[in-house]
Amino acid sequence: MGRNYFENVGYFSRNCNGTTLRYDQACLQITTADKISFWSQYEECEGCILLKTAELSKTGDIVVETFSPLRYLVRNDRGQICNGSYEFGEFGQYTLNVSEVTTDYCQPRMTAEPDAAFLPILTAIVVLLSMATLWYIVKGIGKRVVAGRFYARYFAREDNELGSETRVLTTEASVPRSPTRSRLRSLDIFRGIAIALMIFVNSGGGGYGIFKHSVWNGLTVADVVFPWFAFAMGQALVLSLHARLRTSLPRISAFGQVARRSLFLALIGICLSSVDASWADVRLPGVLQRLAAMYLIVGALECAFMRTSQNITPGRSLFRDITAGWQQWLATLLLVAIQICLTLTVAAPGCPRGYTGPGGLHRTVDGDFSLRNCTGGIAGYIDRLILGPSHLYKGGRFQQIYQTVLPYDPEGILGILSGVLVVQAGAHATRIMLAYNHARARIMRWIFWSIVFGVSGGALCMFSKNGGAIPINKPLWSVSYCLVTSSMAFFIQALLYFFVDLKNKWGGRPLYYAGQNALFLYIGSELLKRHFPIHWHVAAPTHAQLLATHAAAMLIWLAVGVVLHRKRIFITL
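Residues numbered from 1 in each chain as written. Predicted model: local features only at pLDDT ≥ 70, side-chain atom pairs only at ≥ 80, totals over all residues. Heavy atoms only, no water.

### A short note on the sheet that holds strand E3 (residues 25–31)
Inference 1: With mixed pairing, four strands are arranged side by side in an open sheet as E6-E3-E9-E10. Among the strands making up the open sheet, the edge pair consists of strand E6 (60–65) and strand E10 (109–112). Sheet twist, expressed as the mean angle between neighbouring strand axes with direction ignored, is 30°.
Inference 2: Inspection of the sheet shows E3 paired to E6 by six bridges, in the antiparallel sense. Bridging across to E6, alanine 26 finds its partner in valine 64. (Pairing = 2+ DSSP bridges. Helix = DSSP H or I, 4+ residues; strand = E, 2+ residues; numbered from the N terminus. Axes fitted to C-alpha atoms, helices over the stretch in contact; angles between N-to-C directions.)

In structure tokens:
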């Protein structure tokens, strides 16, 4: 059963009855003298029934996956012999002797130790920290040896465009300024973190489940990258519009610029989706298309309601950030309410009302088995109705685990409404900067909103993976998912602002450079992610090999960001 779940991307030189194991696989030997059937299902397949995996009349081996604990039972002609649940280790060898079972519960016995699958991650962290340390050592030597003008050209920081108490590394008047506008350093670093993680995850994430998207409900490292990038986009949007509107740019002209950028983003996204695909099957939704739609909505709200001057009234200073954007939040909450109402009250044809599961093998609490055509509930039905099944995403881990038969796109139409919440949260983070001059006031409010968003999202899912009224779900972009990821973004922004812009404890290189050309790096990584030297084909990959190649791809693109910065090239729409 395990070999049918995941694409065979390579083998490792370990055998299981003639079958070569690959990473995330183990071998289970079942010892029996009678004819038996082995039924199993991975716990990641929430609510799924057990499926017949093998039939044996003598001792035999079964390949099992290690990404999730396995539920199983053994039957013979007289009925069930035993059942159990076990978490196997990568490349481990196990045996289950059903002939000696005396109770209803049976447990495999380990005959060969599994590999330490996560050891390469620890090694990679040590290597990257060593490289960062070497970077700062070389930079420190260069600062003392190289002439001041050369140092100022390559290592001087730009001033904070907000004019706060943020210090800079040099005060010399002769320091050459960037030809572009000065930038908020913590924002570029945050954006650089998001784009670096996005490139690493899209490259494959070393084959680790934690760097892959959740099967359905839940949250992994891969799941937070997109909303963090959207959060940073909301921050940059307000910074840009505020600067332009203060120069008396007509609001209709500002909206025209927002609409033009949204259109270009969407067209670029569709072109990326059309690579190696016919136009009849090109994927219409996508990451850039989702960003374009959310950018257009939030940009339109800001062009309509943004205040270009702050009313510094002492009695209202506590709520200044709220009063500066209450119209935008009112419209955003209306869109979120529409998404929630459609999701929970409108039933897709042949499906239960409020169903938000993956369909396929999934079943509801009452045991309804007629959900095979209900993938994504009403959100999936809307996408298939409007866009057509052939123009939706064809992959997804949920398809392999739940054996779904209908396509479902995680960047579909209905998720745009809830995704606006993330971009609006980023916009509010910048409104806090504009409304308050003191660093402490900004940081306290970022942390406050981080707590509010986090507790609200946790309450909706009852602080559990599959519980609550609205579980955390990246494919659906559920409201709880948007709230929790926005909460993380608020907290990270507070930390970065404190250590980078306020205390100057960290320069953020090379992430700072990558954040200045984040869109270009993303497009380039998507176009070239299957080409040398970004991609290396490994005939028999292990986690260590995959992690090395995928981390190298990320570092190559970070190096491209450094080169673009030193050439003073900033590519934007």
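### Quick notes on unusual backbone geometry
Inference 1: With an omega of 0°, the peptide bond running from arginine 509 to proline 510 counts as cis.
Inference 2: With respect to the helices, strands and loops of the structure, proline 510 is situated in the loop between helix H13 (479–502) and helix H14 (511–516).
Inference 3: Phenylalanine 532 connects to proline 533 through a cis peptide bond whose omega is 5°.
Inference 4: In this fold, proline 533 is placed in the loop between helix H15 (518–528) and helix H16 (543–566).
Inference 5: The backbone of glutamine 403 sits at a positive phi, close to 55°, despite the residue not being glycine.
Inference 6: Here glutamine 403 is to be found in the loop between helix H10 (397–402) and helix H11 (414–435).

### Let's talk about the sheet that holds strand E5 (residues 51–56)
Inference 1: Taking strand neighbours across the sheet as the criterion, the four strands line up as E5-E4-E7-E8 in an open arrangement whose pairing is antiparallel. Looking at strand neighbours, the two that pair on one side only are E5 and strand E8 (79–86), the edges of this open sheet. The mean inter-strand angle of the sheet, taken between neighbouring strand axes irrespective of direction, is 20°.
Inference 2: Judged from the seven bridges that link them, strand E7 (residues 70–76) and E8 form a sheet pairing that is antiparallel. In the strand pairing of E8, asparagine 76 is matched with glycine 79.

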